[in-house]
Amino acid sequence: MAVRPQAADKYSRLKNEDEATPGKEFRVAKLSQVWDKAQRLQLSPVKLAELHSDLKIQDKDELNWKKLKADGLDEDGEKEARIRRNFNVILTKYKLDGRMKTMPSESNYLRDLGDSENDVFDDPKLEKLWNKATTSGKFSDEEVRKLRREFLHHQDKIQEYHILRETVSRSEDIHQNAISPGEAHVQEDLLHTKHAELKDKHRNVQESFGRLRKLIHQGYDEDSEFSEPRVLELWDMAKQSNFSHDELDSIKEELKHFEVKIEKHHHYQEQLDLSHQKLKHVETIGDKEHLSRNKEKYKMLTEKTKELGYKVKKHMQDLLARLSRGGLNHNEL
């Protein structure tokens, strides 16, 4: 079937807009700009690899949204608002929004996970709970590292909630300034949706904090099905839905594979950090042969960490979407 000239022009224009500039990592220009800025700043190699994975997901989501918009499938602008909010979450998460300084260059992944003296959380309640956990003597070094990841995961939730709250506040202002009755009606519907989402997000944050408090009080349960926080929350979501027993068994098996994938990603993050420390040491010695070999290993670990990070985030998106279709409220983890 022949493509109408107007539609052909539309998709041709989209293609030209999305063409990657040679040497750029991403097809969406603003994401390439963020990546370039992050590389100039003093982010650790592991943070850079994690940022790359987040930007790659955002790149794909933005391109998909552009096609939806071109087809007139986002008339109320809800998907555009979600895309913009996700972008703001990335900027906040990596402190690229201009509000706070980035991490110092000597910071590294292993110390970030294990040295409680350098841990500072933005939320006072979270910081107080972390201090209680690390001074209790209840957790082994490995458990403290795992606990640190859980606290960082919760901090991401808090940041996402605050960004959503700011979005709702701006939407309320727009609604109050609406000119026509028709415009006011559309804004009211959108505002109602955002208020419901904000309520869900707030409940999700409260439940997450409650789980952390319980964990600090009781310690880790050796009989627990899972240990990774994202997997634990996905499993709780599945159990609260209307899945059959067989479906739950299938979900449990997939979550086990997902947890292995996450643990593999954590392993490569640690190896990347160790490789970076070793590379800096070899650079001071000046041994060309060792330097070349270490640079090659460092490059390989960087690419592998980026690749695994993307796969973990994409798998997370897919699992959330499928669990949501099972009758759950969609809470982004």
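For the structure, check the block above.
Rules and cut-offs
- Residues numbered from 1 in each chain as written.
- Predicted model: local features only at pLDDT ≥ 70, side-chain atom pairs only at ≥ 80, totals over all residues.
- Heavy atoms only, no water.
- Helix = DSSP H or I, 4+ residues; strand = E, 2+ residues; numbered from the N terminus.
- Buried < 20%, exposed > 50% of the residue type's maximum accessible area, 1.4 Å probe, protein only.
- Salt bridge = Lys/Arg side-chain N within 4 Å of Asp/Glu carboxyl O.
- Axes fitted to C-alpha atoms, helices over the stretch in contact; angles between N-to-C directions.
- Parallel < 35°, antiparallel > 145°, perpendicular 65-115°, else oblique.
- Contact = heavy atoms within 4.5 Å.
- Nonpolar A, V, L, I, M, F, W, Y, C, P; charged D, E, K, R; others polar.
- Core = buried A, V, L, I, M, F, W, Y, C linked by side-chain atoms within 4.5 Å.
- 1 Å grid on protein atoms, 1.4 Å probe; cavity = no way out; pocket = protein on both sides within 12 Å on 5 of 7 lines; lining within 4 Å.
- Points joined across faces, edges and corners; volume = space filled by probe spheres on them.
- Left-handed = near helix turned anticlockwise from the far one by under 90°.
- Phe/Tyr/Trp six-rings, centres within 6.5 Å; stacked < 30°, edge-to-face > 60°.
- Expected span 1.5 Å × (residues − 1).
- Patch = residues over 30% accessible without salt bridge, like charges linked within 9 Å, V, L, I, M, F, W, Y side chains within 5 Å.
- Areas by Shrake-Rupley, 256 points an atom, 1.4 Å probe, with all protein chains shown as cover.
- Lys, Arg positive; Asp, Glu negative; His and termini not counted.
- Charge placed at Lys NZ, Arg CZ, Asp CG, Glu CD.

Q: Help me out: how do you make sense of the overall build of the protein in this one?
A: From N to C terminus, the protein includes 11 helices and 0 strands. Tracing the protein from N to C terminus, the helices and strands come up as α-α-α-α-α-α-α-α-α-α-α. Counting all 333 residues of the protein, 45% fall into the buried class.

Q: How do you make sense of the pattern of salt bridges when you look at a structure like this?
A: Pairs can form between side chains of opposite charge once their charged atoms are near each other. Applying the stated rule across the entire model yields 20 salt bridges. Glu-228 is the salt-bridge partner of Arg-230, the closest N and O atoms lying 3.0 Å from each other. In terms of burial, Arg-230 and Glu-228 fall into one category: buried. Note that Glu-289 and Arg-293 form a salt bridge whose closest N and O atoms lie 3.5 Å from each other. Of this pair, Glu-289 and Arg-293 both sit in helix H11 (residues 288-325), separated by 4 residues, roughly a single helical turn. Among the residues examined, Glu-289 registers a relative accessible area of 56% and is labelled exposed. Judged by relative accessible area, which is 45%, Arg-293 ranks as partly exposed. Among the charged side chains, a salt-bridge network with shared partners connects Glu-50, Asp-54, Lys-93 and Lys-313.

Q: Just to check I follow, could you spell out the packing of helix H2 (residues 29-40) against helix H3 (residues 45-70) for this structure?
A: When two helices pack together, their arrangement is captured by the angle between the axes and the distance separating the axes. Running from amino to carboxyl end, H2 crosses H3 at an angle of 175°, the nearest separation of the two axes being 10 Å. Relative to H3, the element H2 lies roughly antiparallel. Note on element contacts: H3 touches H2 through Leu-48, Leu-51, His-52, Leu-55, Gln-58, Asp-59 and Glu-62, opposite Lys-30, Leu-31, Val-34, Trp-35, Ala-38 and Gln-39. When its residues are assigned to classes, the contact of H2 with H3 shows 7 nonpolar, 3 polar and 3 charged.

Q: Would you mind showing me how to read the nonpolar core here?
A: A general trend in soluble globular proteins is that nonpolar side chains are found buried together. Within the largest apolar cluster, 21 residues are counted, with the highest numbers of intra-cluster contacts made by Leu-126, Leu-129, Trp-130, Phe-139, Leu-147, Phe-151 and Ile-216. Within the residue set of this core, elements represented by two or more residues are helix H6 (124-135), helix H7 (141-176) and helix H8 (181-218). Counting 18 residues, the second-largest nonpolar core is a separate cluster that includes Leu-232, Ile-262, Val-312 and Leu-323.

Q: Looking at this structure, I do not really get the environment of Glu-254. What am I missing?
A: For Glu-254, the location among the structural elements is in helix H10 (residues 245-285). Overall, Glu-254 belongs to the partly exposed group, its relative accessible area being 22%. Between the alpha carbons of Glu-254 and Leu-319 there is a distance of 9.3 Å; along the sequence they are 65 residues apart. What Glu-254 contacts, discounting residues up to four positions off in sequence, is His-315, Leu-319 and Arg-322.

Q: Just checking my understanding: could you explain the layout of surface pockets for this structure?
A: By rolling a water-sized probe across the atoms, one finds the places where empty space is left. Its volume calculated, the second largest pocket comes out at about 500 Å³. Taken together, 18 residues line the second largest pocket, and the ones lying closest to its centre are Arg-211, Leu-215, Asp-221, Ser-224 and Leu-232. Within the residue set of the lining of the second largest pocket, elements represented by two or more residues are H7, H8 and helix H9 (229-239). In terms of residue class, the lining of the second largest pocket is made up of 5 nonpolar, 4 polar and 9 charged.

Q: Which parts of the structure should I look at to understand the packing of H3 against H11?
A: Packing of H3 against H11 leaves a shortest axis separation of 8 Å and a crossing angle of 45°. Between H3 and H11, the angle falls in the class oblique. Viewed along their axes, H3 and H11 form a crossing whose handedness is right-handed. Taking contact as the criterion, the partners of Pro-45, Ala-49, Glu-50, His-52, Ser-53, Asp-54, Lys-56, Ile-57, Lys-60 and Asp-61 in H3 are, on H11, Tyr-298, Thr-305, Lys-306, Gly-309, Tyr-310, Lys-313, Lys-314 and Gln-317.

Q: Teacher, can you tell me more about unusual backbone geometry here?
A: Peptide bonds are trans in most cases, and residues, glycine excluded, mostly fall at negative phi. Phi angles above zero are rare outside glycine, and Lys-95 is one such case at about 55°. Here Lys-95 shows up in the loop between helix H4 (78-93) and helix H5 (109-114).

Q: What's the story with the packing of aromatic side chains in this structure? I'm lost.
A: Both the distance between ring centres and the angle between the ring planes are used here to describe each pair of aromatic rings. Here the structure, examined in full by the defined rule, presents 3 aromatic pairs. Judged by centre distance (5.1 Å) and plane angle (65°), the ring pair of Trp-130 and Phe-151 falls under edge-to-face. Placement of Trp-130 in helix H6 and of Phe-151 in helix H7 is noted, with a sequence separation of 21 residues between them. As far as the burial class goes, Trp-130 and Phe-151 line up, both buried.

Q: Honestly, H10 in this entry has me stumped. Any pointers?
A: Given 3.6 residues per helical turn, the α-helix brings residues three or four places apart onto the same face. Between its first and last C-alpha, H10 extends 60 Å over 41 residues, near the 60 Å set by a 1.5 Å rise per residue. Count one or two residues on from H10 and you reach Gly-286, which has phi positive near 90°.

Q: Looking at this structure, how should I read a positive patch on the surface?
A: A cluster of basic residues, Lys-125, Lys-128, Lys-132, Lys-138 and Arg-213, forms a positive patch at the surface. Looking at which element gives the most residues to the positive patch, the answer is H6, with 3 residues. Tracing the backbone through its elements, the reader meets Lys-132 in helix H6.

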